[in-house]
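Tertiary structure, described
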Amino acid sequence: MNADDIQWLNVFIAVLGGATRVGTPFLFVSLGECLTEKSGRINLGLEGNLIMGAMAGYGISWLTGSPWLGVFAAGATGLVLGFIHALLCQQPRVNDIAVGIALMILGTGLAFFLGKPLIQPSAPKLAAVHLASWSDNPALRSALEINILFVVGALLAPAMAWFFKNTRWGLAIRTVGESDDAARAMGLDINGVRMLATMAGGFLAGVGGAFLSLYYPGGWSEGLSSGQGLMAVALVIFARWDPIRCLYASLLFGGAGALGPALQSVGVTSGYYLFNAAPYALTLVLMIATSSTKVRSRMPGTLAAR
Amino acid sequence: MTGLALEAINVSKRFGDLQALDRVSLKLKKGGIHALLGENGAGKSTLVKCIVGFYTPDEGEVLLGEHQQLISNPRDAHDLGIGMVYQHFTLVPNMTVLENLVLARPRLPSIIDWNKERMAIAERMKGMPFQLPLDAPVNHLAAGEKQKLEIIKQLLLDVKVLILDEPTSVLTPDEADEVLGQIKDMARRTGLAVLMITHKFREVVLYADDVTVLRRGRYVGSERVGDVSVEKMSEMMVGREFSGTALAREPAADQGVKLAIDALTIEDDSGLPAVSNLSLTVKGGEIVGIAGVSGNGQRELVEALAGQRPTTGGEIRVMGERYRGERQELLRHRFHCLPEEPLRNASVSRMSVAENLGFRCFDRPPHSIGGFLRRRAINAYAQRLIAEFKVSPANTAIPIGNLSGGNVQRAILARELWDQPNVLVVANPCFGLDFTAVAEIHARLMAARNAGAAVLLISEDLDEIIELADRIDVISDGRLVYETTPQAADPIVIGHHMAGHAGEPHAH
Ligand SMILES: Nc1ncnc2c1ncn2[C@@H]1O[C@H](COP(=O)(O)OP(=O)(O)OP(=O)(O)O)[C@@H](O)[C@H]1O
Ligand SMILES: [Mg+2]
């Protein structure tokens, strides 16, 4: 193998590693959004949850010294934002998209404001599991550093799919999302179900934020998120509201996001910004390529009906 | 088994300005079928929705057995053993038949064992009047199949009081007999009390024990079915004697073929052939009837004709020109169409009655000028239509989804029959209409024919087809399998072909 080949192999490994690292926030936010949308509501505010979660997680980790407490704090902030979203949306004639955008701006602004004192200090980070400590290839070693949160998310995806199919609660969420009339005829509390689904979805998005600040890229700054929370919404559509496909899609997007840095690491610097745009370009291409009536027919009925 | 199962006392309900129910009372006995009659918009659906807690009545109470019960939402009704089949289906479209059946059960276990549920339901399904594929997604079922599913769903729940809001509107008479016969049997055997809303006197006479009549939200009276004649019942419904006379069939001048379908093939949502190699022609001044059991390709055929579904083979010609269902063509040929389930397939339920009625003409003067809608003109137009077709309430500003089932049908028919259609495709036009409205719509279809329109009438009501059509085709499994004329029509032979038994001795 000549040096060139090794370089490209390293790029490949870095993209794989990046897929889990860059993809984890996508995964949590998209699972959260999937849960919320299954109940018949769209929460565009998850970008706000993500950033608030990142800030709160970092702050709590710094204050208490425990990154896991940080993760829970991040989830809790997301939960509260989800609660506010659901509470506003169940008022008559309130539109969930508008509320979502407002909460996104609120969450981002609040996080920047409250996070000012957190830019300097360095909080304890989440630890990773080194799966490749046997190897002397540094690229491979860093690619196979897997964070527990990614594992949790990767297990959560099939668990959520199972939950939707096999539990009473999962069926209730789907019924509410499919048809108001059917849900009412069954005596389900539509607003209650949506409230819980939105709160749980918000929790997951918050946890995704903690991953950003407590693991990768790590630290707290105002440029920490680059719109992952919004892209995750597109990702849910691409995944056709299927949690397992959310996992695949997140890995795909994560890999695309890791492409720029990976190329830079082997010295390909021309077009750096272009490669950084890969996830966004990918979003557009995939949305167009996969848009068909099939996508619409998988859409929760109450969303498709409007 | 006697005794009262359920009693509603002085129930009132108001929607805005409209008093939909005004102190209505009703007594339901155990072990029998009680029919609830009334014109479209009389308040029948509203009354039963108040009983099951879907609506909260403004006043009045519901007694169950001897005790007063507070039923404040459908879950309470479930728990008390009251089941209801709604007039507009309440199935979950993106779920399978099995999931819908399981979902309906109160007190589901937290974790559902699908294998066990499937076996249990398949077992009990064997004793049901009809079978359904458990794994089919509900949005692929035709209207008749959905209706059967709704009924099975309630029967599987072992309810003590069963409320049926027009349960047979999309079933064939044979199927209806089977269903109602079984239900009556169950009532006699188990003491089940049944409250059935219907517009078909035949069903009242054959299956009901008692009948209650409502008129414009008021209680008119209750009788033993054996003690009243059909004439008396219809008089109670409309408040005067009914003098409906069918419009005569005029010998129409030969106008040439207006609608020609040639070797048409259409796929259903899952890509399987729904209509195969179907050819037919309709001349001006002629009604061609297509009889068939729902789910044999009628829905797809109508959707293709309305431009809502692509075809995969063959062609449609209108006035000799190739037709693709585009808006320009619809307007140019005055091609009008009424699909089944119009609330879902031909209207936007949250838009107002005026907007829905304007769909056909909103982009032409005088309803819009220079691309701007003229609300007042559209409103005036809608007012004319609903006055002409007696849509009630005569308010064009409310969402069309708030109209009673029969009034939605009337409103959409008004839109499609107005303005002298040249080619008219109608599917189950009298679904859910009361008898005065049926007579009226039949007369209008006949008038359109006499005026030279080519009418394709797709209906599951064989009597309707025999009454109206000039030629009759039978559709089964997406193919036209039999052709006859109303003079030569033998319902038994047609029934055999509808059921797909073409090789039987009755066949030609
Ligand atoms: N949710 C609602 N909002 C406003 N008006 C309503 C609503 N539901 C029903 N109505 C009105 O109440 C009246 C009674 O309606 P209902 O559905 O009970 O009639 P129905 O007797 O079942 O008629 P049909 O035979 O046509 O089904 C109608 O005039 C209808 O327009
Ligand atoms: Mg009704």
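Procedures and definitions
Residues numbered from 1 in each chain as written. Chains lettered and ligands numbered in written order. Predicted model: local features only at pLDDT ≥ 70, side-chain atom pairs only at ≥ 80, totals over all residues. Heavy atoms only, no water. Helix = DSSP H or I, 4+ residues; strand = E, 2+ residues; numbered from the N terminus. Buried < 20%, exposed > 50% of the residue type's maximum accessible area, 1.4 Å probe, protein only. Contact = heavy atoms within 4.5 Å. Areas by Shrake-Rupley, 256 points an atom, 1.4 Å probe, with all protein chains shown as cover. Lys, Arg positive; Asp, Glu negative; His and termini not counted. Charge placed at Lys NZ, Arg CZ, Asp CG, Glu CD. Domains from an automatic or database assignment. Buried area = accessible area lost by both parts, 1.4 Å probe. Polar contact = N/O pair within 3.5 Å; in protein donor to acceptor, adjacent residues only side chain to side chain. Nonpolar A, V, L, I, M, F, W, Y, C, P; charged D, E, K, R; others polar. Salt bridge = Lys/Arg side-chain N within 4 Å of Asp/Glu carboxyl O. Near = heavy atom within 4 Å. Phe/Tyr/Trp six-rings, centres within 6.5 Å; stacked < 30°, edge-to-face > 60°. Axes fitted to C-alpha atoms, helices over the stretch in contact; angles between N-to-C directions. Parallel < 35°, antiparallel > 145°, perpendicular 65-115°, else oblique. Patch = residues over 30% accessible without salt bridge, like charges linked within 9 Å, V, L, I, M, F, W, Y side chains within 5 Å. Core = buried A, V, L, I, M, F, W, Y, C linked by side-chain atoms within 4.5 Å. Pairing = 2+ DSSP bridges.

Section: the overall build of chain A
When helices and strands are counted, chain A shows 15 helices and two strands. Within chain A, the fraction of its 306 residues that count as buried is 55%. At a minimum sequence separation of 6, the contacts of chain A that also span at least 24 residues come to 76%. Surface accessibility of chain A: about 13100 Å² in total, with carbon and sulfur atoms responsible for 69%. Here chain A contributes 18 positive and 14 negative side-chain charges, whose respective centroids are spaced 8 Å apart.

Details of the domain arrangement of chain B
All names here are of chain B. Segmentation of chain B into domains returns domain 1 (4-238), domain 2 (248-334 + 422-435 + 452-508) and domain 3 (343-419). Averaged C-alpha coordinates put domain 1 and domain 3 at centres separated by 30 Å. With six residues of domain 1 at the contact, the number on the domain 3 side is eight residues. For the pair domain 1 and domain 3, the two sides together bury roughly 560 Å², of which 48% comes from carbon and sulfur. The largest contributions to the domain 1 side of the interface with domain 3 come from Asn40, Gly41 and His88, which together make up 64% of the buried area. Taken together, the links from domain 1 to domain 3 amount to two residue pairs in polar contact (both at pLDDT 80 or more). Class assignment for the residues of the side of domain 1 that touches domain 3 results in one nonpolar, four polar and one charged.

A look at unusual backbone geometry
The linkage connecting Tyr216(A) with the following residue, Pro217(A), adopts the cis geometry, with an omega of 0°. With respect to the element layout, Pro217(A) can be found in the loop between helix H9 (190-214) and helix H10 (228-238). Following Ser392(B), the chain continues into Pro393(B) via a peptide bond in cis, with omega recorded as 0°. As for its placement among the helices and strands, Pro393(B) is situated in the loop between helix H13 (375-388) and helix H14 (405-417). One non-glycine residue with positive phi stands out, namely Met319(B), at about 50°.

Some details on the interface of chain B and chain A
The partner chain A presents 19 residues to the 20 residues of chain B that form the contact. When the buried area of chain B at its contact with chain A is split by residue, Phe54(B), Asn94(B) and Leu103(B) rank highest and sum to 24% of it. The interface formed by chain B and chain A holds two salt bridges in total. Across the pair Lys165(A) and Glu99(B) runs a salt bridge, and its minimum N-O distance is 3.8 Å. Summed over the shared surface of chain B and chain A, the number is nine residue pairs in polar contact (both at pLDDT 80 or more). For the side of chain B that touches chain A, the secondary-structure elements that each account for two or more residues are helix H2 (74-79) and helix H3 (97-103) of chain B. Broken down by element, the residue count for the side of chain B that touches chain A peaks at three residues, all from H2(B).

Remarks on the site of ligand 1
Residue and element names in this part refer to chain B. Not every one of the 22 residues close to ligand 1 is listed here, only the nearest: Gly41, Ser45, Thr46, Ser404 and Gly406. Within the contact set of ligand 1, an oxygen atom lies 2.7 Å away from a side-chain nitrogen or oxygen of Ser45. Between a nitrogen atom of ligand 1 and a main-chain N or O atom of Asn402, the distance comes to 3.3 Å. Protein chains shield 90% of the accessible area of ligand 1, which is 640 Å² for the free molecule. Those elements giving two or more residues to the shell around ligand 1 turn out to be strand E2 (18-29), helix H1 (44-51) and H14. Counting contributing residues per domain, the shell around ligand 1 is built from domain 1 (4-238) and domain 3 (343-419), each supplying no fewer than three.

With respect to the side chain of Ser39(A)
All names here are of chain A. Structurally, Ser39 can be placed in the loop between helix H1 (3-38) and helix H2 (46-64). On the accessibility criterion, Ser39 (0% relative accessible area) is buried. Discounting residues that sit within four places of it in the chain, Ser39 has contacts with Ile173, Val176, Gly177, Arg194 and Ala197.

Section: the environment of Val348(B)
All names here are of chain B. Among the structural elements, Val348 can be located in the loop between helix H11 (342-345) and helix H12 (353-357). Among the residues examined, Val348 registers a relative accessible area of 37% and is labelled partly exposed. When the C-alpha atoms of Val348 and Gly401 are compared, they prove to be 7.9 Å apart, with 53 residues separating the residues in sequence. Discounting residues that sit within four places of it in the chain, Val348 has contacts with Asn356, Phe359 and Ile400.

Let's talk about the packing of aromatic side chains
All names here are of chain A. Within this structure, the stated rule accounts for 10 aromatic pairs over all chains. Summarising the aromatic geometry, the rings of Phe26 and Phe253 are spaced 5.8 Å apart at their centres and angled 70° between planes, so their arrangement reads as edge-to-face. Taken together, the residues span a long stretch of sequence, with Phe26 in helix H1 and Phe253 in helix H11 (residues 243-265) at a distance of 227 residues. Accessibility classification places Phe26 together with Phe253 in one group, the buried group. Aromatic side chains Phe163 and Phe164 sit 5.8 Å apart centroid to centroid with 55° between the ring planes, which places their arrangement in the tilted category.

Brief notes about the packing of H11(A) against helix H13 (residues 278-290) of chain A
Residues and elements named next belong to chain A. Across the interface, H11 lies against H13 with an axial gap of 8 Å and an inter-helix angle of 140°. One element, H11, and the other, H13, form an angle in the oblique class. Residues Leu252, Phe253, Ala256 and Gly257 of H11 form the contact with H13, whose own contacting residues are Ala278, Pro279, Leu282, Thr283 and Leu286. For the contact of H11 with H13, a count of residues per class yields seven nonpolar, two polar and no charged.

Describing the pattern of salt bridges
Residue and element names in this part refer to chain B. In the structure shown here, the tally under the stated rule is 36 salt bridges over all chains. Between Glu321 and Arg332 there is a salt bridge; the shortest N-O distance is 2.8 Å. One end of the pair, Glu321, is in strand E15 (residues 321-322); the other, Arg332, is in helix H10 (residues 327-333), with 11 residues separating them in the sequence. Among the ionic pairs, Glu483 bridges to Arg471, the shortest N-O distance being 3.3 Å. Remark: Arg471 occurs in strand E21 (residues 471-476) and Glu483 occurs in strand E22 (residues 479-484); sequence separation between them is 12 residues.

A look at a nonpolar patch on the surface
A cluster of nonpolar side chains, Val80(A), Phe83(A), Ile84(A), Leu87(A), Leu88(A) and Val94(A), forms an exposed patch at the surface whose accessible area comes to about 430 Å². Summarising the element assignment, Leu88(A) is placed in helix H3 (residues 67-89).

A few points about the nonpolar core
Counting residues in each nonpolar core, the largest one holds 119 residues, and the members touching the most others are Trp220(A) and Val211(B). Here the element with the most residues in this core is H9(A); it accounts for 10 residues. Once you skip the residues sitting within four places of it in the chain, Val211(B) turns out to touch His34(B), Ala35(B), Leu37(B), Val204(B), Gly221(B), Ser222(B), Glu223(B), Val225(B), Val228(B) and Met233(B). Grouped together as the second largest cluster of nonpolar side chains are 46 residues, Val408(B), Leu433(B), Ala437(B) and Val455(B) included.

Some remarks on the pairing of E2(B)
Residues and elements named next belong to chain B. Relative to E2, strand E1 (residues 4-15) runs antiparallel, the two sharing eight bridges. Of the residues in E2, the one forming a bridge with Leu6 is Leu28. In this structure, the hairpin formed by E1 and E2 is closed by a connection of two residues, where Gly16 is found at a positive phi of approximately 60°.

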